Every structure is written in structure tokens, then in C-alpha cells.
Amino acid sequence: MGPPAICVVMEIPDEDEAQPEDIQIHKDEVQMIVGRLRSLNLNVEKYESSDKKFLYLKVSSNEAVLKYEAESCRYRCKLKNEYGGAMCGYSQVATVDIFVFELL
């Protein structure tokens, strides 16, 4: 199983019906969105539907980035019951698997 991901769906203007300016605006917007996502250290993969009507952006991150961000913002996780079951800030320093769930 890969890292968690979301899919952003964008409609692609029909080249036969849309004005050339609208097509260029769409391309510029896609480029801007992808650039901003990548500047946040996110992985972005682009796919087009077979009928060329939709653009799919698969946005994901790797485990190291998720763990770093979770630790830096003190993301609260539940400890396993054997460790008290309390909520506490995520830490990569834990030497045993103490959290109820993994970030991935």
C-alpha cells in the first residue's frame, strides 16, 4: 500500500468549443496549482481521462515528510492502551510502536 493520497479532479476545456485564451488560462492554473503543491514537498502525478475531459492530480507525501510535519506541529495521537491510552503529541523518537495507528 502506498502513502495516503487525495485526487483532485479538474475539468479540461474542450479545445473545439473553448476560446484559446480560456485554454491557456486553464493550463496556467494547473501549472500554478502543481507548483504550489510541489513547493509544499508534496508529490503530484497528473493523469488525463481517456476522453480528455478531466485532469486528475494525485497528491501524496512520503512517510518521512508526514512524520516530520506531525512532530513539528505536535499532532495528537492516541497511545495504545498498554501505554495508558492517553492522547499525546507524535514523536519520531519513540523506540517502540506506542501509537494506536501509524501516520501511513
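Because the structure is predicted, anything quoted here is derived from the model rather than measured.

Enquirer: I keep staring at unusual backbone geometry and nothing clicks. Help me out?
Expert: Most peptide bonds are trans, and most residues other than glycine sit at a negative phi. Positive phi, normally seen in glycine, also occurs at Lys-52, with a value near 65°. You can see Lys-52 is positioned in the loop between strand S2 (43-48) and strand S3 (54-60). Exposure remark for Lys-52: the relative accessible area of 53% places this residue in the exposed category. Residues other than glycine seldom take positive phi values, yet Arg-74 does so here, at roughly 55°. Mapped onto the fold, Arg-74 is located in the loop between helix H2 (63-72) and strand S4 (76-78). Exposure remark for Arg-74: the relative accessible area of 54% places this residue in the exposed category.

Enquirer: For this particular structure, what's the right way to read H2?
Expert: Capping of H2 at its N-terminal end is provided by Asn-62; its side-chain oxygen lies 3.2 Å from the backbone amide nitrogen of Ala-64. Arg-74, located one to two residues past H2, shows a positive phi value of around 55°.

Enquirer: How should the nonpolar core be read in this particular structure?
Expert: Most often, soluble globular proteins keep nonpolar side chains buried together rather than apart. One finds Met-10, Ile-12, Val-30, Val-34, Leu-37, Val-44, Leu-55, Leu-57 and Val-59 forming the largest nonpolar core, which totals nine residues. At the level of elements, helix H1 (20-39) and S3 are the ones that each hand at least two residues to this core. Setting aside its immediate chain neighbours within four residues, Val-34 contacts Val-44, Lys-46 and Leu-57.

Enquirer: Sorry, what's going on with a negative patch on the surface here?
Expert: A surface patch of like charges, here negative, comprises Asp-14, Glu-15, Asp-16 and Glu-17. With respect to the secondary-structure elements, Asp-14 resides in the loop between strand S1 (5-11) and H1. You can call Asp-14 partly exposed: its relative accessible area is 38%.

Enquirer: Honestly, the side chain of His-26 in this entry has me stumped. Any pointers?
Expert: Tracing the chain through its elements places His-26 in helix H1. Judged by its relative accessible area of 12%, His-26 is buried. Here His-26 is in contact with Met-10, Glu-11, Ile-12 and Pro-13, once residues within four sequence places are set aside.

Enquirer: Sorry if this is basic, but what is going on with the state of the cysteines here?
Expert: Working definition: the covalent bond between the sulfur atoms of two cysteines is a disulfide. Scanning the entire structure with this criterion turns up zero disulfides. This cysteine, Cys-73, is not joined by any disulfide, and Cys-77 carries the nearest cysteine sulfur, 9.3 Å off. Its relative accessible area of 52% is what places Cys-73 among the exposed residues.

Enquirer: Help me out: how do you make sense of the sheet that holds S2 in this one?
Expert: The strands that make up a sheet pair up through hydrogen bonds in the backbone, lying either parallel or antiparallel. Pairing within the open sheet is antiparallel, and its three strands lie in the order S1-S3-S2. Sheet topology places S1 and S2 at the edges, where each strand pairs with a single neighbour. The sheet shows a mean angle of 20° between the axes of neighbouring strands, taken without regard to direction. Where S2 and S3 come together, six bridges link them in antiparallel fashion. The partner of Glu-48 across the bridge, within S3, is Leu-55. Its contacts with the sheet place H1 against S1, S2 and S3, and it is angled at close to 150° to S2.

Thresholds, definitions, all that
- Residues numbered from 1 in each chain as written.
- Predicted model: local features only at pLDDT ≥ 70, side-chain atom pairs only at ≥ 80, totals over all residues.
- Heavy atoms only, no water.
- Helix = DSSP H or I, 4+ residues; strand = E, 2+ residues; numbered from the N terminus.
- Buried < 20%, exposed > 50% of the residue type's maximum accessible area, 1.4 Å probe, protein only.
- Polar contact = N/O pair within 3.5 Å; in protein donor to acceptor, adjacent residues only side chain to side chain.
- Core = buried A, V, L, I, M, F, W, Y, C linked by side-chain atoms within 4.5 Å.
- Contact = heavy atoms within 4.5 Å.
- Patch = residues over 30% accessible without salt bridge, like charges linked within 9 Å, V, L, I, M, F, W, Y side chains within 5 Å.
- Areas by Shrake-Rupley, 256 points an atom, 1.4 Å probe, with all protein chains shown as cover.
- Salt bridge = Lys/Arg side-chain N within 4 Å of Asp/Glu carboxyl O.
- Lys, Arg positive; Asp, Glu negative; His and termini not counted.
- Charge placed at Lys NZ, Arg CZ, Asp CG, Glu CD.
- Disulfide = S-S within 2.5 Å.
- Pairing = 2+ DSSP bridges.
- Axes fitted to C-alpha atoms, helices over the stretch in contact; angles between N-to-C directions.

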